[in-house]
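Inside the fold
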Protein chains: 2
Amino acid sequence: MFEANVYVNRRRALLAQMAARMSEGARGIAVFLGNVDAAMNYRGNDYKFRQDSSFLYFWGVDEPGFAAVLDLDSADECLYGNDVDMDDIIWMGPQPSVASKGAAIGCAKTAPRADFDKAVADALAKGRPVHFLPAARYYSQMTLSQLTGISPEAVRKVAPMTPIASDGGRHASEELVKAVIALRLIKEQCEIEEIDKACIIGYEMHTEARRGCKPGVLEQEIVGRMEGVTLSKGWGVSFTTILSQNGETLHNHSHHQIITPGRLLVVDAGAESNTHYASDFTRTYPCSGKFTTKQREIYDLVESANEYAFSLTKPGVTYWDVHYATARHLLEGLKALDLVRGDVEEMLPLGISGLFMPHGLGHNMGMDVHDMEDLGENYVGYAEDQKRHPLLGLGNLRMARRLEPGHVVTDEPGIYFIPALIEQWKREGTDKGFVNYEKLAGYYDFGGIRLEDDVLVTPDGARRLGPNRLPITSRDVEEAMTKE
Amino acid sequence: MFEANVYVNRRRALLAQMAARMSEGARGIAVFLGNVDAAMNYRGNDYKFRQDSSFLYFWGVDEPGFAAVLDLDSADECLYGNDVDMDDIIWMGPQPSVASKGAAIGCAKTAPRADFDKAVADALAKGRPVHFLPAARYYSQMTLSQLTGISPEAVRKVAPMTPIASDGGRHASEELVKAVIALRLIKEQCEIEEIDKACIIGYEMHTEARRGCKPGVLEQEIVGRMEGVTLSKGWGVSFTTILSQNGETLHNHSHHQIITPGRLLVVDAGAESNTHYASDFTRTYPCSGKFTTKQREIYDLVESANEYAFSLTKPGVTYWDVHYATARHLLEGLKALDLVRGDVEEMLPLGISGLFMPHGLGHNMGMDVHDMEDLGENYVGYAEDQKRHPLLGLGNLRMARRLEPGHVVTDEPGIYFIPALIEQWKREGTDKGFVNYEKLAGYYDFGGIRLEDDVLVTPDGARRLGPNRLPITSRDVEEAMTKE
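Residues numbered from 1 in each chain as written. Chains lettered and ligands numbered in written order. Predicted model: local features only at pLDDT ≥ 70, side-chain atom pairs only at ≥ 80, totals over all residues.

**Things to note about the overall build of chain A**
- Counting its regular elements, chain A contains 17 helices and 19 strands.
- Radius of gyration (C-alpha) of chain A: 24 Å, near the 23 Å computed for a compact globule of 484 residues.
- Overall size of chain A, expressed as C-alpha extent along the three principal axes, is 70 × 50 × 45 Å.
- Taken across its 484 residues, chain A has 52% of its residues classed as buried.
- Considering only intrachain contacts with a sequence separation of at least 6, the fraction spanning at least 24 residues in chain A is 71%. (Helix = DSSP H or I, 4+ residues; strand = E, 2+ residues; numbered from the N terminus. Rg over C-alpha atoms; globule rule 2.2 N^0.38 Å. Buried ≥ 20, exposed ≤ 12 C-beta atoms within 10 Å, placed from the backbone. Contact = placed C-beta atoms within 7 Å.)

Structure (structure tokens):
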């Protein structure tokens, strides 16, 4: 948790943002619904509590059952939550009062949680616009729907609140979404420090993984040890750990295989700090400790793409351009390996890179590993004049915006050999004749390679986050694995 | 996952249970809604998937997005889920077909997930009773409400379906709740083996905790290592780990303190196996490695209560009687220590033990650590002729039923000194003069002690689950801590 002023300033900036976006007439109220505990198998046996990130950003309270209202016309604000009773004390211990929690974030007015419902009902009764962010959890979806009478589907739909649309503003607020994104996208110094901390823990997790990558070890064994590291030092994982010898499956969450010599192990994992900032790294290891020639060719290409993308990352450039240039770089390398044939400048706009890298170069990262993805991927990652590319791979970029100092993005090129996808392209002629399927047939059991760092855009260029960089060149990786 | 026959037999037994509970007229359909992924901070960044336990029990499929219908009149059954498309293959890998998943649980008929909605709508249109279990998650609450038109509150309310009540059966089904409890309460041999496995992992977690309990160590550091053990070998924790030097707070989930000589560390934690069976153990350690005399007096009393309760645990006895006898045992010990004064038989029914042990002796355990708690604590833990005691402590027992072979319960007496509760009793005279507040004043900084084992009721008596028993006598604990 930061000092009270951090939250006061953020709410003040939000008021200014909303005023700029709603220059005429009454603006209404912005409501923020904090999370409650999420049942694992039954209510009361819950997953580890995770607060809503936007609630945390503006209101700081990292506990279940809170809500808040910011009046966009009067600038009044109120934090809602319940003080504890004797039963709570027996089971959860004595707790600071809600009033003191308000004081800690510079919010002078606090009230019981039930008053939040009344405040929303009151605003609706007066015909004031009620701005809320699209509901991420089923809890918030159900609760906002019950509070406002808007359907569960519509509380997840984002549309402009003014001029009041034909549906009477019965949906999530585009103005609020855009205002929140404008603020959260540029990381404050105190946030960058927290992301650096998450990167330190992520570094330790990955070091544990590299050391665990030995033939005969069960994948799950390594995952557990990695996750133990971040539970010991931070909140936990920033996303479900991907650790798989089937690296061609981008988000592989099964860990039942034994580390087998000759295969590649993709480890994509990150930590969330106790203050809820994320890290997100990927490394790919040769299970034998040494890459084969075939593996090294692809590995070095991905590694050079990571380095190349980083060299292009600086203020003023769009991340779309970096993504596109990296796709070109990969195609040039694949052409040198005779996996694609023909003119790279011709195949590039046809999306041929998507067969090998069906995902984007990177995403924003902050309190969420894909920062603010619940607010809408296009709102977060694309400026109003940027349109998403329609093709697989090129179109899967989550962050396309023009880079500014304070942006935190991932740099994560990859090359994968996905038999089902290759077969589909071959069948449907998607490759327009550029792909050498004959040679590609020798890669069906290859798997995939992804290499990812977290990058802060600085006034002069960019800096990789974290204290050290995890070994990444094929030589450094092999050297580290030999010593361990 | 068990063999297909296990699931076939369970569904057959459920049909018989429901037939016995609905002897006249059309019975309708029983619908089972499996879980979907639960968002951590945004949809797509989810907590580790946990299937609904009753879904797992009857339908075995351990993946998000499934549902099932069992026709209580025709005995027809169908598993609903979607086969994967190319996008799924890229991100999640190739998957077995829904048909093959059906075959694995002996269910010949499968259909796309959308057909489940149609099957429910069809039954409702025909006026057939639609039985469902009370919704545990907000997802199921919202989805069942949307499917049936029943309010989100009513889909969590349990009431009899026949004779059709004045609300037209618009609530969760008491018949189905009781039928499911009747089956799940008695553990099959294959289930006991899985609980034993969870106990092995729990044993390792606790061994890690005991070894970590050294002055200067951060509590969170130990928790992370313990949880790493179960993530490496099982699904994860069966509930959020309680590890605290403020053991007087029963469910303390903050771990920000440093292990401090002279204090006691309560560790209440368990593992969930990869097949989703739970273990749940509690031990209490002297942070210095040795108990003080004052600590040992209370510790030995709790330890003897654990042993005493176990000695009473056998078929034919109610667990209420064991709980009550244990409360007597604790009061006798507290009287010997001059913390309570007067006739134990007099103070016992007045609930004086509740000041020191405001919780019950134990609960059922199975796929849920508090087994089936989402179906209703009283339905699970109390027979129809048993009423819950109204007082704190005596009334907090979760499992009161007459014991039968195959029951799995916890044995977890404790003694706590909760300053706010003591002050309240003193102020309000709740103790009726039996409590020696003068001596009790010296225990305000004591904390609490709880000692818990998992126990299987056998035909002859009872067996503690797990391969070994964690050291529990004060001497064994000190000896283990000295060696480590």
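**Digging into the interface of chain B and chain A**
- Facing 55 residues of chain B, the contacting portion of chain A comprises 55 residues.
- Elements that contribute at least two residues to the side of chain B that touches chain A include exactly strand 2 (39-42), strand 3 (45-46), helix 3 (86-92), helix 6 (138-148), helix 9 (219-233) and helix 15 (419-428) of chain B.
- For the side of chain B that touches chain A, a count of residues per class yields 26 nonpolar, 17 polar and twelve charged. (Nonpolar A, V, L, I, M, F, W, Y, C, P; charged D, E, K, R; others polar.)

**As for the sheet that holds strand 7 (residues 130-131) of chain B**
Residues and elements named next belong to chain B.
- Taking strand neighbours across the sheet as the criterion, the five strands line up as 6-5-4-1-7 in an open arrangement whose pairing is mixed. Two strands in the sheet have a free side with no partner beyond their single neighbour: strand 6 (110-111) and strand 7.
- As paired strands, strand 1 (residues 29-33) and strand 7 are joined by two bridges and run parallel to one another. Bridged to Ala30 within strand 7 is His131. (Pairing = 2+ DSSP bridges.)

**Some details on the relation of the copies chain B and chain A**
- After a rotation of 180° and a shift along the axis of 0.0 Å, chain B superposes on chain A with an RMSD of 0.0 Å. The two molecules are tied by a two-fold rotation axis, judged by turn and shift. Identified as the residue of chain B closest to the rotation axis by C-alpha distance is Gly228 of chain B, at 1.9 Å.
- Comparing interface residues between copies, 100% of those in chain B also sit at the interface in chain A, which points to an isologous, same-surface contact. (Least-squares fit on C-alpha atoms with pLDDT ≥ 70 in both.)

**A short note on the sheet that holds strand 18 (residues 453-457) of chain B**
Residues and elements named next belong to chain B.
- Here we have three strands laid out as an open sheet, ordered 15-18-19, and antiparallel in their pairing. Only two strands of the sheet have a single neighbouring strand rather than two, namely strand 15 (408-411) and strand 19 (462-464). In this sheet, adjacent strand axes meet at a mean angle of 35° when their direction is disregarded.
- The strands touched by helix 10 (residues 293-312) within the sheet are strand 15, strand 18 and strand 19, with strand 15 carrying the most contacts at an inclination of about 155°. (Axes fitted to C-alpha atoms, helices over the stretch in contact; angles between N-to-C directions.)

**Some words on the pairing of strand 18 (residues 453-457) of chain A**
Residue and element names in this part refer to chain A.
- Here strand 18 lies mainly inside the structure; five of its five residues are buried.
- On strand 18, burial covers both faces: Asp453, Val455 and Val457 on one face and Asp454 and Leu456 on the other are all buried.
- In this structure, strand 15 (residues 408-411) lies alongside strand 18, joined through four bridges in antiparallel fashion. Looking at the pairing, Asp411 lines up with Asp453 of strand 18.
- Pairing analysis gives three bridges linking strand 18 to strand 19 (residues 462-464), with the strands arranged antiparallel. What sits directly across from Leu456, in strand 19, is Arg463.
- From the end of strand 18 to the start of strand 19, which pair antiparallel, there are four residues.

**Topic: the environment of Gly93 of chain B**
- Looking at where Gly93 of chain B falls in the secondary structure, it is placed in the loop between helix 3 and helix 4 (98-104).
- Put simply, Gly93 of chain B and Ala121 of chain B are 28 residues apart on the chain and 33 Å apart in space, counted from C-alpha to C-alpha.
- Contact partners of Gly93 of chain B, with chain neighbours within four places excluded, come to Asn246, Thr249 and Asn252 of chain A.

**Some points on the environment of Ala99 of chain A**
- When you line up the elements, Ala99 of chain A lands in helix 4 (residues 98-104).
- Separated by 169 residues in sequence, Ala99 of chain A and Asp268 of chain A have C-alpha atoms that sit 41 Å apart.

**Some words on the domain arrangement of chain A**
Residue and element names in this part refer to chain A.
- The domain boundaries assigned to chain A delineate domain 1 (4-184) and domain 2 (189-483).
- Listed by partner, the interface residues are 14 residues for domain 1 and 13 residues for domain 2.
- Secondary structure elements with two or more residues in the side of domain 1 that touches domain 2: helix 2 (53-59) and helix 7 (174-184).
- The element that contributes the greatest number of residues to the side of domain 1 that touches domain 2 is helix 7, accounting for five residues. (Domains from an automatic or database assignment.)

**So, unusual backbone geometry**
Residue and element names in this part refer to chain A.
- One non-glycine residue, Ala75, lies in positive phi territory at about 70°.
- Considering the arrangement of structural elements, one finds Ala75 in the loop between strand 4 (67-71) and strand 5 (77-80).
- Although it is not a glycine, His276 adopts a positive phi angle of roughly 75°.

**What to know about the packing of helix 6 (residues 138-148) of chain A against helix 6 of chain B**
- Between helix 6 of chain A and helix 6 of chain B, the least distance of the axes is 8 Å, while the angle of their chain directions is 45°. With respect to helix 6 of chain B, the element helix 6 of chain A is oriented oblique. As for the relative orientation of helix 6 of chain A and helix 6 of chain B, their crossing is left-handed in sense. Residue-level contacts link Tyr138, Tyr139, Gln141 and Met142 of chain A of helix 6 of chain A to Tyr138, Tyr139, Gln141 and Met142 of chain B of helix 6 of chain B.
- Split by residue class, the contact of helix 6 of chain A with helix 6 of chain B holds six nonpolar, two polar and no charged. (Parallel < 35°, antiparallel > 145°, perpendicular 65-115°, else oblique. Left-handed = near helix turned anticlockwise from the far one by under 90°.)

**Re the packing of helix 1 (residues 4-21) of chain B against helix 7 (residues 174-184) of chain B**
Residues and elements named next belong to chain B.
- For the pair helix 1 and helix 7, interaxial distance at closest approach is 9 Å and the crossing angle is 130°. As judged from the angle between their axes, helix 1 and helix 7 are oblique. Crossing geometry of helix 1 relative to helix 7 is assigned as right-handed. Here helix 1 contributes Arg10, Ala13, Leu14, Gln17, Met18 and Arg21 to the contact with helix 7, which in turn contributes Glu175, Lys178, Ala179, Ala182 and Leu183.
- Residue composition of the contact of helix 1 with helix 7, by class: six nonpolar, one polar and four charged.

**Let's talk about the environment of Phe55 of chain B**
Residue and element names in this part refer to chain B.
- Structurally, Phe55 is set in helix 2 (residues 53-59).
- Taking the C-alpha atoms as reference points, Phe55 and Leu33, 22 residues apart in sequence, are found 7.1 Å from one another.
- Those residues in contact with Phe55 that sit more than four places away from it in its chain are Phe32 and Gly34.

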